[in-house]
Structures are given as structure tokens and as C-alpha cells.
Amino acid sequence: MKLSTGIVRRVDELGRIVIPKEMRRSLGIDQKDPIEISIEGSSIILQKYENRCVFCGALKPAIRHNGKLMCSKCLKEINKKLEDK
Ligand SMILES: [Zn+2]
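Residues numbered from 1 in each chain as written. Predicted model: local features only at pLDDT ≥ 70, side-chain atom pairs only at ≥ 80, totals over all residues.

1. Examining the overall build of the protein
Thinking step 1. In terms of helices and strands, the protein carries 2 helices and 4 strands.
Thinking step 2. The order of α-helices and β-strands along the protein, N terminus first, is α-β-β-β-β-α.
Thinking step 3. Against the globule reference of 12 Å for 85 residues, the protein gives a C-alpha radius of gyration of 17 Å, more extended than a compact globule.
Thinking step 4. By its C-alpha atoms, the protein is 55 × 25 × 20 Å across when sized along the principal axes.
Thinking step 5. In the protein, which comprises 85 residues, the proportion classed as buried is 5%. (Helix = DSSP H or I, 4+ residues; strand = E, 2+ residues; numbered from the N terminus. Rg over C-alpha atoms; globule rule 2.2 N^0.38 Å. Buried ≥ 20, exposed ≤ 12 C-beta atoms within 10 Å, placed from the backbone.)

2. Some words on the pairing of strand 1 (residues 35-40)
Thinking step 1. The element strand 1 is barely covered by neighbouring structure, given that only 0 of its 6 residues are classed as buried.
Thinking step 2. Joining the antiparallel neighbours strand 1 and strand 2 (residues 43-48) is a turn of 2 residues, in which glycine 41 adopts a positive phi near 60°. (Pairing = 2+ DSSP bridges.)

3. As for unusual backbone geometry
Thinking step 1. Unusually for a residue other than glycine, lysine 32 sits at a positive phi of about 70°.
Thinking step 2. With respect to the element layout, lysine 32 can be found in the loop between helix 1 (21-27) and strand 1.

4. Describing the environment of isoleucine 35
Thinking step 1. Assignment of secondary structure puts isoleucine 35 in strand 1.
Thinking step 2. Sequence separation of isoleucine 35 and proline 61 is 26 residues, and the distance between their C-alpha atoms is 17 Å.
Thinking step 3. If we ignore the near neighbours within four places in the chain, the residues touching isoleucine 35 are Leu46, Gln47, Lys48 and Tyr49. (Contact = placed C-beta atoms within 7 Å.)

5. Looking at helix 2 (residues 72-84)
Thinking step 1. An ideal rise of 1.5 Å per residue puts 18 Å on 13 residues; helix 2 measures up with 18 Å between its terminal C-alpha atoms.
Thinking step 2. When you tally the buried positions in helix 2, you get 0 out of 13 residues, a small fraction of the element. (Expected span 1.5 Å × (residues − 1).)

6. What about the environment of phenylalanine 55?
Thinking step 1. You can see phenylalanine 55 is positioned in the loop between strand 2 and strand 3 (63-65).
Thinking step 2. Here the alpha-carbon distance between phenylalanine 55 and leucine 75, two residues 20 residues apart in the chain, equals 9.6 Å.
Thinking step 3. Discounting chain neighbours no more than four positions away, the residues touching phenylalanine 55 are Met70 and Cys74.

7. Quick look at the environment of methionine 23
Thinking step 1. Its place among the elements puts methionine 23 in helix 1.
Thinking step 2. For the pair methionine 23 and threonine 5, spaced 18 residues apart in the sequence, the C-alpha separation amounts to 9.9 Å.

Right under this line is the structure:
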């Protein structure tokens with residue numbers, strides 16, 4: 001979902017842009033947090049990079065799907081639930 005904020009920031013001489021404090025706060029982005037940069041058409045997308053399973057929080061998740069990470073244990077559990085139906 002795209003939400004226009006009307007906020008305009010200028011790129012500095014080193015190519016940096018400051019992400020507004022309110023945005024960082026509402027998305028839980030802290031200092032030194034890794035941000036993944038991707039491109040969609042002519043847009044640059046900045047996403048909090050989380051190297052954890054979205055379901056159980058396990059580190060080193062094995063599978064990436066639609067930009068989300070999942071560990072093999074959760075994947076197995078989901079597969080099992082689907083099989084049981
Ligand atoms: Zn998991």
C-alpha cells in the first residue's frame with residue numbers, strides 16, 4: 001500500500017537522504033538497523049532488513065518468499081497443516 005506523505009527531502013552530496021524521524025519511529029527502525037534497498041519501476045523501496053523468520057523469529061531462516069523470510073521448521077509446519085486439510 002502506497003501512502004503519500006508529501007514529504008520531500010533532498011539528496012546530499014554523498015547521495016544520502018534522511019528518513020523522517022516519525023517514519024523511522026512508526027516502523028521501528030533504529031540506528032544501525034540494516035535497510036534493504038530495492039527498485040520497483042522508477043521507485044526506490046527501502047525496507048527494514050530482518051534476517052529472522054517472520055513466524056518464530058529464528059535466526060538464519062532458509063526461505064525467502066515475497067521478501068519475507070521463513071525457517072525450514074515453520075515451512076514444514078505449514079506444509080503439514082496444508083496436508084492435514
Ligand atoms: Zn520459523
